[in-house]
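Fold and geometry: a report
This is what each chain is made of:
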Number of protein chains: 2
Amino acid sequence: MGDAPARTEFKVTTGPIRGSRKIHIGDRRVAMRAVDLEPSSGEPPVVLYDTSGPYTDPASRIDIMAGLSELRAAWIRARGDVEEVDARETRPEDNGQLGPDRSGGVSPFPNVRKRVLRARAGANVTQMHYARRGIVTPEMEYVAIRENLGREELLVTRDGQDFGASIPDFVTPEFVRDEVARGRAIIPVNINHPETEPMAIGRNFLVKINANIGNSAVASDVAAEVDKMVWAIRWGADTVMDLSTGRNIHDTREWIVRNSPVPIGTVPIYQALEKTGGVAEDLTWEIYRDTLIEQAEQGVDYFTIHAGVRLPYVPLTAKRVTGIVSRGGSIMAKWCLAHHRESFLYERFDEICEIMKAYDIAFSLGDGLRPGSTADANDEAQFAELYTLGELTKKAWAHDVQVMIEGPGHVPMHKIKENMDKQLAACGEAPFYTLGPLVTDVAPGYDHITSGIGAAMIGWFGTAMLCYVTPKEHLGLPDRDDVKVGVVTYKLAAHAADLAKGHPAAKAHDDALSKARFEFRWRDQFNLSLDPETAEQYHDQTLPAEGAKTAHFCSMCGPKFCSMKITQEVRDFAAKQNAPLKQSLTVKEAEAGMARMSESYREGGDLYVPIVP
Amino acid sequence: MGDAPARTEFKVTTGPIRGSRKIHIGDRRVAMRAVDLEPSSGEPPVVLYDTSGPYTDPASRIDIMAGLSELRAAWIRARGDVEEVDARETRPEDNGQLGPDRSGGVSPFPNVRKRVLRARAGANVTQMHYARRGIVTPEMEYVAIRENLGREELLVTRDGQDFGASIPDFVTPEFVRDEVARGRAIIPVNINHPETEPMAIGRNFLVKINANIGNSAVASDVAAEVDKMVWAIRWGADTVMDLSTGRNIHDTREWIVRNSPVPIGTVPIYQALEKTGGVAEDLTWEIYRDTLIEQAEQGVDYFTIHAGVRLPYVPLTAKRVTGIVSRGGSIMAKWCLAHHRESFLYERFDEICEIMKAYDIAFSLGDGLRPGSTADANDEAQFAELYTLGELTKKAWAHDVQVMIEGPGHVPMHKIKENMDKQLAACGEAPFYTLGPLVTDVAPGYDHITSGIGAAMIGWFGTAMLCYVTPKEHLGLPDRDDVKVGVVTYKLAAHAADLAKGHPAAKAHDDALSKARFEFRWRDQFNLSLDPETAEQYHDQTLPAEGAKTAHFCSMCGPKFCSMKITQEVRDFAAKQNAPLKQSLTVKEAEAGMARMSESYREGGDLYVPIVP
């Protein structure tokens, strides 16, 4: 494995997010970021959720060759239910290197572990297992603090429509435990990925987003993929899926996992297929099982497993406009048809659960029959599979294995809610994890937006995690800029969902930015943005002068014509009268006030009398 | 007016939209575009709505200095209800040129009309007036053909949720007349803007989008604004609003109107304010009235008039997070407070109607008290104004004047539908015309997306026209690229709304693109996109070779791993059995089929037996 050209020049972006300060809360040192506002605001710092890990912490020393420090290592060991074993030996086929040709290979990760953890014989190391036994783990405590974002200090009035979710005013560790125990939330934390900062996926928590990275047979290399991971979490990706295919899958994944503070997901069938040289019919349970173990030992936190693509459902897709578009789904469909046998993923599901619980890997039950066009949305193939995923959820829960459910895809707006409702009913409120959905197919090049619309809506309806789509979807592989645009778009969709659901911290963030805007605190406005750099850059394109950042006007209206300035005058005008104004007057009160005002005018009184009810 | 530096170098984009052919349907020569598909598809050309006017017609000669040809001139004259009068003379203050300083001035439009049209004494030249008298105008015929997009030949099954709209299977001229007569749709067509290709705004028609352009006191010039107009309609803007402030307003508008095939809207109070030197208190009915006449004679098709900002509503905004953010609203609020008098727009509304009906200008009743942040959405100020707009709608309708109603703004998702429901009820189904709404305030730089989400939703609920938002919203003035991104984003939002409402032509477009995608007809996929250039460019970034455009795979999966290819194999596999497949099997049928299949396998039959119910 030593003759590959060394590519050790990893450039990843470090340093604070513009205008934010890294903070660590409590004994568990929960990472967040604080945005200090201009003194004129008279307001405390705004605390924001932070997925970026140590990369944005000036106090951290980043060494990509060594990997991140192991926040959770002691927590895992302290539970006394794991043992150290020799790691499975890497084989050439793990990297798609079946022949002697190693050209295009990547350096293996230098700090690779020879010993890995797994559950002791008979033990179950899942967060769900602990939760169901009433144990509040450090991971749950971390999540509770992280989710609150200091909301105990917020004076926000709850306002939202949550479609039956149960978002608490304040998240306690016990609440987290209960949600995990019920299966309504998962904390994806493989015991071999102690670098993770724990996070929860569930509809009573903040809506999360996932970014996909991964090399493919056609392009990409490992350095670019690690950089994309760091870049994606900088802008807000809560989890990252490595969807690599082709060569160097194993080594690429090792680099990514060792350097990732967020949960990593994969689709193991991609690698298993590589081990057969790409021939779906040659896949076997043994190859697949070996791949699960291989990835479990590396520390992958959740596996997409398309165990719901059952043989009888395959013909349901034959008359679709776009057939089967899930890669995993089509591989399994081909396997089922070729052998005209039931899927081994479905038949071996209990055995898969045994592996998952030995490492605490969460299922992301794949929707291999999801629609690939708005025309195919909500059809029988899709829902037949969903019901099977519901059945498998219950099986996994019987093993105390954590589960989320993948969802579409391509769905016109009027069919989105049905997806959420059916998923909640069929899968016992297990977290839903959807890809968009795209609400139309006519805008390739803008599918981050066509899907961002669907994502915001389904997030509002109850989806717990949204899988991002970049502008390159359906056209090519995303580059660094595409990853950023995809992540920010999904972050705003998730935030819009939180706001509509009535999440207190979401409203606080919106209001802080709106106040900054109204008061022409330009720097605060930039710093509170999901993408401070772009906001400032756009501002500077029209009004580059430094003075314009403190100016009480903007380029849209100019100094004379500013509506916000006029509003301030309206307020000042009212305030001059030295009378308190009610938060909101009724129209009737206001009209009565006007009548009195006119009267006082006729009597030679003040120009304007504020309305005191 | 002759000493301004001549700026005659107008560069506007002409030539066909990539992959589209200009076509003209019927005697009225209704402009559309057709996308020819690859012969392998075996499908007829896809007909798409086309807002781009003669600029994309290779048979047209474009001369910006002369203006467009007058499609409607003969139709207008033939009605025998207009007379030609001397145009109001342009005054220096019309261009904000109160002093002798003419630096920064623009050349007046060379082909300016000395004589203009207005209704004969006692005549009413509105499309609503004709409609109510049972007259089907050429404009209504044009709209009917334009809206159909050849849908009579489409075999699309209706599928949608239209929230009580009445979208017909096929649009007839009589249907258009009826919708205009009821006030449920408007056709904004000033008799002094005969260059327009008529279009309808109403919830039973395709959802329309508006693009704002306009110089401001801080930046921009006339050449850039004309170019932006041409550029905006190329990508799909159905109407364009000229929101210029500062200098050269009159001349800039003349250039735009004379060269615009789409309706032009303005906010006359902006220009009226310039005539007072920017002092809101100095506004008078006389200045405002003069401005209406000035713009009516130039051919502006709709006026935003903030007549619903009544004095008693102003205090309702004082405790808002962001007060009054509408420019027109804040001007009127300031005027009302300063004079502590009721708005002259409200008091003189009947007089305004008299002007509107003499030129057929439609009202766009402005929402001067719209929320400027999600925090302020759906508050009492906003809805108090909306009810007044409903009252004014009925007044305008008594004059047979066409009306649409402007809506917000900034609204979290859970409060969007209430806006639509209240608007429909208060304003008697007059078309709603909303600005987004933005569903969150935390993403400056991405407000085309935060607002595109709200726009798609409210368009689905029944909004007839969506006012675009560019990425520069809240930060700076949009450049050419921003205009394009804004237009395409709103076009996809409007299309997603049409699709969800069940518009037959919308579904046909989606399906055509999806089929092209599934069959790897890359060129068809690009050509059917809302932005063919970006789609192709993104594709080429990963797979630039010409051969890749006919390749039966793409860069996401590569040649070995293509799920669409596998689906085709699944289909071929099924087809080989020479048995018809039902459009969709029930799960029960499929399971029964599987049982039979297994049976036949055990008996040594074919590998796979398709399911015949």
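Refer to the structure printed above.
First, a word on scope: everything that follows refers to the structure included in this document.

1. A short note on the overall build of chain A
Secondary structure summary: chain A contains 20 helices and 15 strands in total. Out of the 613 residues belonging to chain A, those deemed buried represent 67%. Accessible surface, chain A: about 19,300 Å² in total, of which carbon and sulfur atoms supply 51%.

2. So, the sheet that holds strand β3 (residues 46-48) of chain A
Residues and elements named next belong to chain A. As summarised here, the arrangement of the 3 strands in space is β1-β2-β3, forming an open sheet in which the pairing is antiparallel. Of all strands in the sheet, those bounded by a partner on one side alone are β1 (20-25) and β3. Taking the axes of each pair of neighbouring strands and ignoring which way they run, one obtains an average angle of 40 degrees across the sheet. Here 3 bridges tie strand β2 (residues 30-35) to β3, and the two strands are oriented antiparallel to one another.

3. Things to note about the packing of aromatic side chains
Residues and elements named next belong to chain A. For the structure shown, the criterion picks out 28 aromatic pairs over all chains. Seen in terms of ring centroids, Phe109 and Trp255 are 5.1 Å apart; in terms of plane orientation they differ by 85 degrees. Their pairing is edge-to-face. One end of the pair, Phe109, is in the loop between β4 (82-86) and β5 (115-119); the other, Trp255, is in helix α6 (residues 249-258), with 146 residues separating them in the sequence. Centroid distance Tyr302 to Tyr433: 6.2 Å. Interplanar angle 90 degrees. Geometry classified as edge-to-face. On the criterion of sequence distance, the pair formed by Tyr302 in strand β11 (residues 302-305) and Tyr433 in strand β14 (residues 432-435) is long-range, its members being 131 residues apart. Taken individually, Tyr302 and Tyr433 each receive the classification buried, so the pair is uniform in this respect.

4. A look at the pattern of salt bridges
Considering all chains together, one arrives at 101 salt bridges over all chains under this definition. Put simply, Arg184 of chain A and Glu179 of chain A hold a salt bridge, and the shortest N to O gap is 2.7 Å. Accessibility assignment for this pair places Arg184 of chain A and Glu179 of chain A in one class, buried. Residue Glu536 of chain B is joined to Arg18 of chain B by a salt bridge in which the shortest nitrogen-to-oxygen separation is 2.1 Å. In this pair, Glu536 of chain B sits in helix α18 (residues 532-542) while Arg18 of chain B sits in the segment before β1 (20-25), placing the two residues 518 residues apart along the sequence. Looking at Arg18 of chain B, the relative accessible area reads 21%, which means it is partly exposed. By sharing partners, the salt bridges in this structure join Arg88, Arg91, Asp94, Arg253, Lys275, Asp290 and Glu294 of chain A into a single network.

5. Quick word on the environment of Ala425 of chain B
Residue and element names in this part refer to chain B. Mapped onto the fold, Ala425 is located in helix α13 (residues 416-426). On the basis of relative accessibility, which here comes to 61%, the residue Ala425 falls in the exposed class. In this structure, the C-alpha to C-alpha distance between Ala425 and Gly390, residues 35 residues apart in sequence, is 8.5 Å.

6. Focus: the packing of helix α7 (residues 268-275) of chain A against helix α8 (residues 285-298) of chain A
Residue and element names in this part refer to chain A. Following both chains from N to C, one finds α7 and α8 inclined at 125 degrees, their axes separated by 9 Å at the closest point. Taken together, the axis directions place α7 and α8 in an arrangement best described as oblique. Both α7 and α8 take part in a crossing whose hand is right-handed. Residues Pro268, Ile269, Gln271, Ala272 and Lys275 of α7 form the contact with α8, whose participating residues are Ile287, Tyr288, Asp290, Thr291, Leu292, Glu294 and Gln295.

7. Focus on α7 of chain A
Residues and elements named next belong to chain A. Burial runs high along α7: 8 of the 8 residues are buried. Looking only at α7, the buried set comprises Pro268, Ile269, Tyr270, Gln271, Ala272, Leu273, Glu274 and Lys275. Buried residues along α7 sit in contact with α6, β10 (264-266), α8, β11, α9 (327-339) and α10 (344-347). Immediately beyond the C-terminal end of α7, within one or two residues, lies Gly277, with a positive phi of roughly 75 degrees.

Rules used in this analysis
- Residues numbered from 1 in each chain as written.
- Chains lettered and ligands numbered in written order.
- Predicted model: local features only at pLDDT ≥ 70, side-chain atom pairs only at ≥ 80, totals over all residues.
- Heavy atoms only, no water.
- Helix = DSSP H or I, 4+ residues; strand = E, 2+ residues; numbered from the N terminus.
- Buried < 20%, exposed > 50% of the residue type's maximum accessible area, 1.4 Å probe, protein only.
- Areas by Shrake-Rupley, 256 points an atom, 1.4 Å probe, with all protein chains shown as cover.
- Pairing = 2+ DSSP bridges.
- Axes fitted to C-alpha atoms, helices over the stretch in contact; angles between N-to-C directions.
- Phe/Tyr/Trp six-rings, centres within 6.5 Å; stacked < 30°, edge-to-face > 60°.
- Salt bridge = Lys/Arg side-chain N within 4 Å of Asp/Glu carboxyl O.
- Parallel < 35°, antiparallel > 145°, perpendicular 65-115°, else oblique.
- Left-handed = near helix turned anticlockwise from the far one by under 90°.
- Contact = heavy atoms within 4.5 Å.

These results come straight from atomic positions and should not be treated as a statement about function.
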